[in-house]
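Chain residues, written in single-letter form:
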Amino acid sequence: MKPISNDRELVGSLQQGDAEAFDKLFGKYAIRLYSFGFKYLRSKEDAEGLVQGVFLKVWENRKKLKQEASFQSFLFTIAYNDICNIFRKRLNERKFYEKLSLELTENMVLTDNRMDFKSVLEQVNRLIEQLPEQQKLVFLKSRQEGLSSKQIASELNLSPGTVDNYISAATKFIRSKLSSDNLAFLLFMSLWIF
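Parameters at a glance
- Residues numbered from 1 in each chain as written.
- Predicted model: local features only at pLDDT ≥ 70, side-chain atom pairs only at ≥ 80, totals over all residues.
- Heavy atoms only, no water.
- Helix = DSSP H or I, 4+ residues; strand = E, 2+ residues; numbered from the N terminus.
- Areas by Shrake-Rupley, 256 points an atom, 1.4 Å probe, with all protein chains shown as cover.
- Salt bridge = Lys/Arg side-chain N within 4 Å of Asp/Glu carboxyl O.
- Buried < 20%, exposed > 50% of the residue type's maximum accessible area, 1.4 Å probe, protein only.
- pLDDT = per-residue confidence, 0-100.
- Contact = heavy atoms within 4.5 Å.
- Axes fitted to C-alpha atoms, helices over the stretch in contact; angles between N-to-C directions.
- Parallel < 35°, antiparallel > 145°, perpendicular 65-115°, else oblique.
- Left-handed = near helix turned anticlockwise from the far one by under 90°.
- Nonpolar A, V, L, I, M, F, W, Y, C, P; charged D, E, K, R; others polar.
- Core = buried A, V, L, I, M, F, W, Y, C linked by side-chain atoms within 4.5 Å.

Chemist: What's the story with the overall build of the protein chain in this structure? I'm lost.
Modeler: A tally of helices and strands in the protein chain yields nine helices and zero strands. Listing every helix and strand of the protein chain by position from the N terminus yields α-α-α-α-α-α-α-α-α. For the protein chain, the exposed surface amounts to about 12400 Å²; the carbon and sulfur share of it is 52%.

Now the structure itself:
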């Protein structure tokens, strides 16, 4: 059997589920992808995660790969889109924490025993993690990504009414788990209900 040398042959083998072809493509492009990611993300962990995420998508979509297309262009297109998503997520997180800080400053008097607001946020996030998967996905797309019900419905192939029901049920569940005199409840109401 002749050794597989070029991308086209490797992609053809990968389409058949050949793990060795996958390893060869990974070996050929992983360092370049890492460097590309690190240049923009400025984080070793994020760049490593980017490489893993890109190649996970390659493996999951191996049967749809086109041998005649440039595999390198395909990889870097995925990487570029993932980097854009990471920047969007960072921006949303920054806005979220800025809003959190503003709300706390405006609405709460901090005592000498400063409360651990991070743990409060973690408490709310733990409750979000308890939601059924589809409900959680819809809720986070609405509250973290700022998507409208119509956008979420289109993206997830649901009706806008179903999306609204998921958001309402998720909100009701989280509120039911937080005491109304609890700091977590106040944060949830001010930051997540809008």
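Anyway, onward from the coordinates.
Chemist: What exactly am I supposed to notice about the pattern of salt bridges here?
Modeler: Pairing between side chains of opposite charge can happen when the charged atoms of each approach one another. The final tally for this structure, using the stated rule, is eight salt bridges. One salt bridge connects K57 with D82, and the closest N-O pair in it is separated by 2.5 Å. Of the two residues, K57 sits in helix α3 (residues 44-60) while D82 sits in helix α4 (residues 71-107), which places them 25 residues apart along the sequence. Accessibility expressed as a relative area gives 32% for K57, which makes it partly exposed.

Chemist: Got a minute to help me understand the confidence of the model for the protein chain in this structure?
Modeler: Reading predicted coordinates in detail is not appropriate for stretches of low pLDDT. Residues with a pLDDT of 70 or more make up 77% of the protein chain, whose mean pLDDT is 80. Mean pLDDT across the secondary structure elements of the protein chain bottoms out at helix α9 (residues 183-192), with 53, and peaks at α3, with 94. Contacts of residues 108-115 to residues separated by more than four positions or lying in other chains number six contacts, the stretch itself having pLDDT below 50.

Chemist: Can you help me understand the packing of helix α1 (residues 7-15) against helix α2 (residues 19-41) in this one?
Modeler: Two packed helices can be described by the angle between their axes and the distance between those axes. Orientation of α1 relative to α2, taken along the N-to-C sense of each, is 140°, at an axis distance of 8 Å. Judged on the interaxial angle alone, α2 and α1 are oblique. Of the two elements, α1 crosses α2, and the hand of that crossing is left-handed. Counting all contacts with α1, which are made through D7, L10, V11, S13 and L14, the residues of α2 involved are A21, F22, K24, L25, K28 and Y29. Residues belonging to the contact of α1 with α2 are distributed by class as follows: seven nonpolar, one polar and three charged.

Chemist: Just checking my understanding: could you explain the nonpolar core for this structure?
Modeler: Soluble globular proteins tend to bury their nonpolar side chains together. Ranked by size, the top nonpolar core spans 22 residues in total, and within it L33, V58, F71 and L75 carry the most contacts. Of all the secondary structure elements, the ones that give two or more residues to this core are α1, α2, α3 and α4. The dominant element in this core, judged by the number of residues it contributes, is α2, at seven residues. Ranked by size, the runner-up nonpolar core spans 13 residues in total, among them F139, A153, I167 and A170.

Chemist: Help me understand the packing of helix α6 (residues 133-143) against helix α8 (residues 160-177) in this model?
Modeler: One way to put it is that α6 packs onto α8 with a least axis distance of 9 Å and a crossing angle of 95°. In terms of their interaxial angle, α6 and α8 are classed as roughly perpendicular. Residues Q134, Q135, V138, F139, S142 and R143 of α6 lie in contact with α8, whose contacting residues are V163, Y166, I167, A169, A170, T171 and I174.

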